[in-house]
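The residues making up each chain are set out below.
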Amino acid sequence: MTIIKKKTWPEYFDVVVSGKKKFDMRLADFDIKEGDTLVLEEWDPTTKEYTGRKIEKKVTYVAKFKLDSFGQEKEILEKGIQIISLE
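Being a predicted model, the structure only gives us computed values, none of them experimental.

(A) Seen up close, the nonpolar core. Within the largest apolar cluster, 9 residues are counted, these being Ile4, Phe13, Val16, Phe30, Ile32, Leu38, Leu40, Ile55 and Val59. Within the residue set of this core, elements represented by two or more residues are α1 (10-17) and β2 (37-44). Apart from the residues lying within four places of it in its own chain, the contact partners of Leu40 are Lys6, Thr8, Phe13, Val16, Asp24, Arg26, Arg53, Lys54 and Ile55.

(B) Quick look at the sheet that holds β2. Strand order across the open sheet formed by 3 strands is β1-β2-β3, with mixed pairing between neighbours. Either end of the sheet is taken by a strand with one partner, and the two such strands are β1 (3-8) and β3 (49-58). Along the sheet, successive strands turn relative to each other by an average axial angle of 25°, direction set aside.

The rules behind each value
Residues numbered from 1 in each chain as written. Predicted model: local features only at pLDDT ≥ 70, side-chain atom pairs only at ≥ 80, totals over all residues. Heavy atoms only, no water. Core = buried A, V, L, I, M, F, W, Y, C linked by side-chain atoms within 4.5 Å. Buried < 20%, exposed > 50% of the residue type's maximum accessible area, 1.4 Å probe, protein only. Helix = DSSP H or I, 4+ residues; strand = E, 2+ residues; numbered from the N terminus. Contact = heavy atoms within 4.5 Å. Pairing = 2+ DSSP bridges. Axes fitted to C-alpha atoms, helices over the stretch in contact; angles between N-to-C directions.

So yeah, pure geometry; function would need other evidence.
If you want it as structure tokens, here you go:
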């Protein structure tokens with residue numbers, strides 16, 4: 001199991017801490033797999049410094065895809081993608 005550290009902005013950090021946000025969307029430029037630990041470190045974009053707050057979360061599922069995987073690259077570039085959390 002690997003520990004991966006990533007920056008996260010305060011508004012996203014807060015909803016992870018509260019338990020409301022149970023997902024994270026990232027550029028797939030690093031390896032991560034189920035069972036790894038993702039450490040989110042709060043980053044203040046105004047001061048360009050870490051705040052010192054961090055939270056560790058166990059990775060339970062990873063889905064990776066490319067924009068053209070759905071055959072809708074033009075629409076995705078135009079409208080974006082929604083990530084939907086289910087309960």
